[in-house]
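If you want the building blocks of each chain, they are given just below.
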Amino acid sequence: MTTQEVIEMFGKYVIGNYSRLPRVIAKGKGSYIYDLDGNKILDLFPGWAVSGIGHCHPKVVKAIQQQAKILLHMDNTFYTELQGRLAQMLSERAFGGKCFFCNSGAEANESALKLARISTEKKKYKYITTLGSFHGRTFGAMTATAQPKKFEPFQPVVPGFVYVPFNDIDAMTKAFDNEVAGVMLEPIQGEGGVNVATTEYMRAIRQLCDKNGARMILDEVQTGMGRTGKWFGYQHFDVVPDIITLAKTLGGGAAIGAMMAKPEIAAALVPGTHASTFGGNCIACAAGIATIEAIDEEAMIENSIKMGKYAFDKLNQLKKKYDVIDHIRGKGLMIGIQLKSPGADIVAKCLEKGLRINCTQDTVLRFMPAMNVKASEIDKAVKILDNVMSDKGA
Ligand SMILES: *Cc1c(COP(=O)(O)O)cnc(C)c1O
């Protein structure tokens, strides 16, 4: 089919809830994707962090191929070794937690909201989340997402949510009482514009949760699996949360989500309280195990630190050249360029020149390269961005 034919097919048969760029992607390898018209595109936002170890990592591909011949899916009526092994690998990397598997970030967050409620005394139902957060699109996760434009059209939403400014200890303290079941936040807000929490803020939340018998829930759907320079974002802040949620890079491209909770809290999810039919799917778990092994074997966390520094340096050099760049922020390979004007046009022009990046909150360019990105690929991206910015006379 041609690009035009595919786009027409979408017009007729696929619901138009995304604003898509007019390209049809046919395949991907590492940090590159290829469209139907034969263009090779450097992808520094692979799968919105789903393809966090690059497109079609050979180890993940092989694990999926092998598992596909053995067992595609097994329901949770029985045990499988794969699900247990993936849970163990995650637990060993994060506070000895226990896992519940599902299929997406939103679903992992729904699980966390349910666990917070059922595990607190009196089944508290108040939740505090932070302005600019993003937690997903299902009803609970959408209500947790403190961006009114995303939930206003769907009012009435889930009751009990209170929103406070991010990194504001006073506001968090004021919002707290002993009716709070949980606080949910991202250690680094992704969609909110790559906003990094302060250590004092994270510690204050930990203390408030302890004092009021509430659960500290960290949404690590984007920050998890090593991109920030540690396995999980919370590990930068000298706190231990009660619950973390994962998805995106966890499956290396396969659809999987997980909630991990401290064992004593997790114990509240007794049979009959929660479930997911696809949760712990064999293909997804095999992909998850292969992803973690690849991250370790290829030292991708170390590479995220190294390449993060490298990209920050390069981008800071661009900042000296272009007044439109206000500053660069982030951690490891989660990088935001704060512009002084909207960035959509820059993203579109970069794509024309063979580079895929993202823009969020109108004025923040976002880079979330694969964790095995090479210095030469960052060089190439910065060069394209430089070209685009000089064209614009920025
Ligand atoms: C992407 C994302 C989600 C939602 O994940 P889905 O798989 O789309 O449901 C939730 N939280 C954060 C921080 C995310 O980046």
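The residue numbers shown here count from 1 along each chain, following its written sequence. The predicted nature of this model means local features are confined to residues of pLDDT at least 70 and side-chain atom pairs, given and counted, to a pLDDT of 80 or more, with totals for whole chains, interfaces and linings taken over all residues. Hydrogens are left out, water is left out, and the side-chain values use all remaining heavy atoms of the structure.

**Things to note about the side chain of Asn 358**
At step 1: Strands are runs of DSSP state E lasting at least 2 residues, helices are runs of H or I lasting at least 4, and numbering of each runs from the N terminus. Relative to the helices and strands, Asn 358 is located in strand β16 (residues 358–360).
At step 2: Whether two residues are in contact is decided by their heavy atoms: any pair within 4.5 Å suffices. Once residues lying within four places of it in the same chain are set aside, the contact partners of Asn 358 are Phe 45, Trp 48, Val 347, Val 364, Leu 365 and Arg 366.

**A closer look at the sheet that holds strand β3 (residues 40–43)**
At step 1: Overall, mixed pairing links the four strands, which are arranged β1-β2-β3-β15 in an open sheet. The strands lining the two open edges of the sheet, one partner per strand, are β1 (25–29) and β15 (355–356).
At step 2: Should DSSP find at least two bridges between two strands, the strands are regarded as paired. The pairing of β1 with strand β2 (residues 32–35) spans four bridges and is classified as antiparallel. When the sheet's bridge partners are listed, Lys 27 is paired in β2 with Tyr 34.

**What about the site of the ligand?**
At step 1: The nearness test applies per residue and asks whether one of its heavy atoms lies within 4 Å of the molecule or strand. Taken together, Ser 104, Gly 105, Ala 106, Asn 109, Phe 134, His 135, Gly 136, Glu 186, Asp 219, Val 221, Gln 222 and Lys 248 make up all the residues around the ligand.
At step 2: The separation between a nitrogen atom of the ligand and a polar side-chain atom of Asp 219 is 2.7 Å.
At step 3: Note on areas: Shrake-Rupley, 1.4 Å probe, and residue coverage restricted to the protein chains presented here. A total of 390 Å² of accessible area belongs to the ligand in isolation, and the protein chains cover 81% of it.
At step 4: Considering each element in turn, the shell around the ligand owes the most residues, three residues, to helix α4 (residues 105–119).
At step 5: Polarity classes work like this: nonpolar for Ala, Val, Leu, Ile, Met, Phe, Trp, Tyr, Cys and Pro, charged for Asp, Glu, Lys and Arg, and polar for all others, with Gly in that last group. In terms of residue class, the shell around the ligand is made up of three nonpolar, six polar and three charged. As used in this structure description, the phrase polar contact means that two N or O atoms lie within 3.5 Å; if the pair is within protein, one of them must be able to donate a hydrogen and the other to accept it, and residues adjacent in sequence are counted only when both atoms belong to side chains.

**A closer look at a nonpolar patch on the surface**
At step 1: Patch definition: residues with relative accessible area over 30% and no salt bridge; like charges joined within 9 Å; nonpolar side chains (Val, Leu, Ile, Met, Phe, Trp, Tyr) joined within 5 Å. Any carboxyl oxygen of Asp or Glu that lies within 4 Å of a side-chain nitrogen of Lys or Arg is treated as forming a salt bridge with it. A cluster of nonpolar side chains, contributed by Met 1, Met 9, Tyr 13 and Val 14, occupies part of the molecular surface with about 450 Å² of accessible area.
At step 2: Within the secondary structure, Val 14 sits in the loop between α1 (3–13) and β1.

**Thoughts on the domain arrangement of the protein chain**
At step 1: According to the domain assignment, the protein chain contains domain 1 (3–56 + 300–392) and domain 2 (71–297).
At step 2: Domain start and stop points were drawn from an automatic or database domain assignment. Relative placement of domain 1 and domain 2: their C-alpha centres are 26 Å apart.
At step 3: In this complex, domain 1 contributes 24 residues to the contact, which on the side of domain 2 involves 27 residues.
At step 4: Buried area is understood as the total, over both parts, of accessible area removed when two parts are fitted together, assessed with a 1.4 Å probe. Between domain 1 and domain 2 lies a buried interface of about 2,200 Å² when both sides are counted; carbon and sulfur atoms form 64% of it.
At step 5: Area buried by domain 1 at its contact with domain 2 is led by Ile 301, Lys 331 and Met 334, which between them contribute 30% of it.
At step 6: At the junction of domain 1 with domain 2, the criterion picks out zero salt bridges.
At step 7: At the junction of domain 1 and domain 2, the tally comes to nine residue pairs in polar contact (both at pLDDT 80 or more).
At step 8: Elements represented by at least two residues in the side of domain 1 that touches domain 2 include exactly α11 (300–321), β13 (325–331), β14 (334–339) and β17 (364–367).
At step 9: Per-element tally for the side of domain 1 that touches domain 2: the top contributor is α11, with four residues.
At step 10: Class assignment of the residues belonging to the side of domain 1 that touches domain 2 gives a composition of 14 nonpolar, seven polar and three charged.

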